[in-house]
Amino acid sequence: MKFKLFVLAIATLAMTSCGGGNSTTENEPVLIKPTDTKIKGDLRKCFEVVDKSYEVKWAGSKKIITIEVLRSDAELPYDRDDFDVYENKGENPKEKVAGFGIELIDSMGNVVKTITPNETNLYKEQMIAALRLLPGETGTVSWGTFDNWDWSITSFRLISSVERNTKEKGDIFDRAFEKWENDSDNEKEDIEEDIEDDIEDVKKATKAVKDILEVEKEILDLL
């Protein structure tokens, strides 16, 4: 009898321990954390993710993800009073469209699902409010998905995009120029960020060498 209970306990433990890095039962709390507070894309200098755990909400078959963002003091690449979200692109005279998206990531660092900034968002008014934040203010952005939840998801990364609001959605030349313009700006920003990181590394290395020399000088003075 004791042996049977032991086997049953082992089987139960094995069943509850498999199936990814999060809960395996729907409607149970699911927490995800940002891989980085930095946001990818055109708005990476203007916003950052508030660093904390976020719970995925369940509303029937819909999963709701709400993330808090903090506005920096960097200048926005659009006019706060003259922009719209991607869902309304080409349907109004606003100068630019902007938006946030999200990458859902598993425990191995693989992107499991991506919701891009230009996808239809059930919470676009909330998105617009977040994009209008003033420096130092915080707001939230949300996404709803009806897909089956992948239980391997443990973290996320926000992505962003800003484009000219072209009225001719089907104009291939406008879209090509727009893509080239955005890619060029992103490449320039990537290079600038790499240079800043390299400068910081050199500063750290220089300080380390200076500290070593000071220690050596102290040792020589003692001798």
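Quick caveat: nothing in here was measured; it's all calculated off a predicted structure.

What counts, and where the lines are drawn
- Residues numbered from 1 in each chain as written.
- Predicted model: local features only at pLDDT ≥ 70, side-chain atom pairs only at ≥ 80, totals over all residues.
- Heavy atoms only, no water.
- pLDDT = per-residue confidence, 0-100.
- Contact = heavy atoms within 4.5 Å.
- Buried < 20%, exposed > 50% of the residue type's maximum accessible area, 1.4 Å probe, protein only.
- Helix = DSSP H or I, 4+ residues; strand = E, 2+ residues; numbered from the N terminus.
- Arc of directions from axis to C-beta.
- Patch = residues over 30% accessible without salt bridge, like charges linked within 9 Å, V, L, I, M, F, W, Y side chains within 5 Å.
- Areas by Shrake-Rupley, 256 points an atom, 1.4 Å probe, with all protein chains shown as cover.
- Salt bridge = Lys/Arg side-chain N within 4 Å of Asp/Glu carboxyl O.
- Lys, Arg positive; Asp, Glu negative; His and termini not counted.
- Charge placed at Lys NZ, Arg CZ, Asp CG, Glu CD.
- 1 Å grid on protein atoms, 1.4 Å probe; cavity = no way out; pocket = protein on both sides within 12 Å on 5 of 7 lines; lining within 4 Å.
- Points joined across faces, edges and corners; volume = space filled by probe spheres on them.
- Nonpolar A, V, L, I, M, F, W, Y, C, P; charged D, E, K, R; others polar.
- Phe/Tyr/Trp six-rings, centres within 6.5 Å; stacked < 30°, edge-to-face > 60°.
- Pairing = 2+ DSSP bridges.

## Considering the confidence of the model for the chain
As a note on interpretation, predicted positions should not be read in detail where pLDDT is low.
Then, in step 1: Averaged over every residue, the pLDDT of the chain is 80; residues scoring 70 or more account for 76%.
Then, in step 2: Across residues 2-20, where pLDDT falls below 50, the model places 5 contacts with residues more than four positions away in sequence or in other chains.
Then, in step 3: This model gives residues 168-172 a pLDDT under 50, and the stretch forms 5 contacts once residues within four places in sequence are excluded.

## A short note on helix α2 (residues 124-131)
Along an α-helix, residues three or four apart share an orientation, since each turn contains 3.6 residues.
Then, in step 1: Residues of α2 that are buried include every one of Met127, Ile128, Ala130 and Leu131, and no others. Looking straight down α2, one finds its buried side chains confined to an arc of 160°; they lie on one side.

## Digging into a negative patch on the surface
Then, in step 1: A cluster of like negative charges, contributed by Glu196, Asp197, Asp198, Glu200 and Asp201, occupies part of the molecular surface.
Then, in step 2: The residue Asp201 is located in helix α3 (residues 172-222) in this model.

## Regarding empty space enclosed by the protein
Then, in step 1: Under the criterion given, the structure shown has 1 cavity of 30 Å³ or more.
Then, in step 2: Of the pockets and cavities examined, the largest cavity occupies roughly 80 Å³.
Then, in step 3: For the largest cavity, the lining is made up of 13 residues, of which Val85, Pro117, Glu119, Asn121 and Met127 are closest to its centre.
Then, in step 4: In terms of residues, the lining of the largest cavity owes the most to one element, strand β7 (residues 96-106), which gives 3 residues.
Then, in step 5: Of the residues in the lining of the largest cavity, the class split is 7 nonpolar, 3 polar and 3 charged.

## Thoughts on the packing of aromatic side chains
Then, in step 1: By the definition in use, this model includes 5 aromatic pairs.
Then, in step 2: Taken together, a centroid distance of 5.8 Å and an interplanar angle of 25° make the contact between Trp58 and Trp151 stacked. In this pair, Trp58 sits in strand β4 (residues 54-59) while Trp151 sits in the loop between β9 (138-145) and β10 (153-164), placing the two residues 93 residues apart along the sequence. Here Trp58 matches Trp151 in class, with each residue buried.

## Thoughts on the pairing of strand β8 (residues 111-115)
Then, in step 1: Bridge count between β7 and β8: 4 bridges; the pairing is antiparallel. Across the sheet, the residue bridging to Leu104 is Lys113, located in β8.
Then, in step 2: Here β7 folds back onto β8, and the loop between the two strands holds 4 residues, one of which, Gly109, carries a positive phi near 90°.

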